[in-house]
Amino acid sequence: VVNFVDGERQWFKAAIGMPFKTSPRALALCAHALSGSGEPLVVPDATLHPTLADNPLVRAQPHIRLYACVPLLTEDGHALGTLAVFDRVARTLLPEQITALQMLAAQVMDKLEHRRQKVTLQALVHDRENMHAALLAQQSAQNQAQENLRLSEERFELVSRATADAVWDWDLRTDVMWWNDGMQTLFGIPRLGMPADSSSWTLRLHPEDSQEVLQGI
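Residues numbered from 1 in each chain as written. Predicted model: local features only at pLDDT ≥ 70, side-chain atom pairs only at ≥ 80, totals over all residues. Heavy atoms only, no water.

It is worth spelling out the sheet that holds strand S6 (residues 79-87) at this point. Spatially, the six strands line up as an open sheet ordered S3-S2-S1-S6-S5-S4, and their pairing is antiparallel. The two strands at the open ends of the sheet, each matched to only one other strand, are strand S3 (22-24) and strand S4 (41-43). In this sheet, neighbouring strand axes are inclined to one another by 25° on average, regardless of whether the strands run parallel or antiparallel. Across four bridges, the pairing between strand S1 (residues 2-5) and strand S2 (residues 9-14) is antiparallel. Its bridge partner lying in S2, Asn3 is registered against Phe12. Most of the contacts of helix H2 (residues 95-162) go to strand S5 (residues 66-73), to which it runs at about 35°, and overall it touches S1, S4, S5 and S6. (Pairing = 2+ DSSP bridges. Helix = DSSP H or I, 4+ residues; strand = E, 2+ residues; numbered from the N terminus. Axes fitted to C-alpha atoms, helices over the stretch in contact; angles between N-to-C directions. Contact = heavy atoms within 4.5 Å.)

Encoded structure:
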């Protein structure tokens, strides 16, 4: 079996000969191997083991006798579970068989790490695609806003040229002013010959009115 263990249960990612897919952690034979040195645990006869003998998996189905496991350790030493073998007949394992279990456990961890990296990469690709889509949407919105502004300015310019009225705009924050050609039509003042600020008209105030008007503004 390849099993994983958390604080309350164990579940089998892969299993042959195990009659169920999950169980409480209290029934996990491998729990005794997860808090130690990380070395393989080999129990030739579980009925003679002081801790495992009363386990329901030993006393009842599947009547485990031989039990051997290798902890599945992450690179930083955390035990996720075990790779384990069991038999209904009491016997021991040869050194080369224990080595083979360790090699299989290493392969399991390689596959888990590969899976973790794949999931991480997929998440990064998903995040990148979302960011790219958001940037495209933002750029599209900015382009649309700029186009709307351009069209608005173009319509305003056409209207200001078509009217016989004098149209002007004064930005009080920057003191920048703008006029249409109607200024010259009505007042005989060339638009391009006027300063592009408030002095274009404040200097034209009558001396008797100038101070009162400026204080009012």
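Within the structure shown, the criterion is met by seven salt bridges. Of the charged contacts, one joins Arg59 and Asp54 as a salt bridge, the two residues approaching to 3.7 Å between their closest N and O atoms. Taking relative accessible area as the criterion, Arg59 reaches 59% and is therefore assigned exposed. Salt-bridge contacts for Asp171 lead to Arg173; the nearest nitrogen and oxygen are separated by 3.5 Å. Classification of Asp171 as partly exposed rests on a relative accessible area of 23%. Exposure remark for Arg173: the relative accessible area of 79% places this residue in the exposed category. Connected through shared salt-bridge partners, Glu147, Arg150 and Glu154 make up one network. (Salt bridge = Lys/Arg side-chain N within 4 Å of Asp/Glu carboxyl O. Buried < 20%, exposed > 50% of the residue type's maximum accessible area, 1.4 Å probe, protein only.)

Turning to a nonpolar patch on the surface, a few remarks are in order. On the surface, a nonpolar cluster with roughly 250 Å² of combined accessible area is contributed by Val213, Leu214 and Ile217. For Leu214, a relative accessible area of 42% translates into the label partly exposed. (Patch = residues over 30% accessible without salt bridge, like charges linked within 9 Å, V, L, I, M, F, W, Y side chains within 5 Å. Areas by Shrake-Rupley, 256 points an atom, 1.4 Å probe, with all protein chains shown as cover.)

This next bit is on the pairing of S2. Hairpin connection from S1 to S2: three residues lie between these consecutive antiparallel strands. As paired elements, S2 and S3 share three bridges and run antiparallel to each other. When the sheet's bridge partners are listed, Trp11 is paired in S3 with Thr22.

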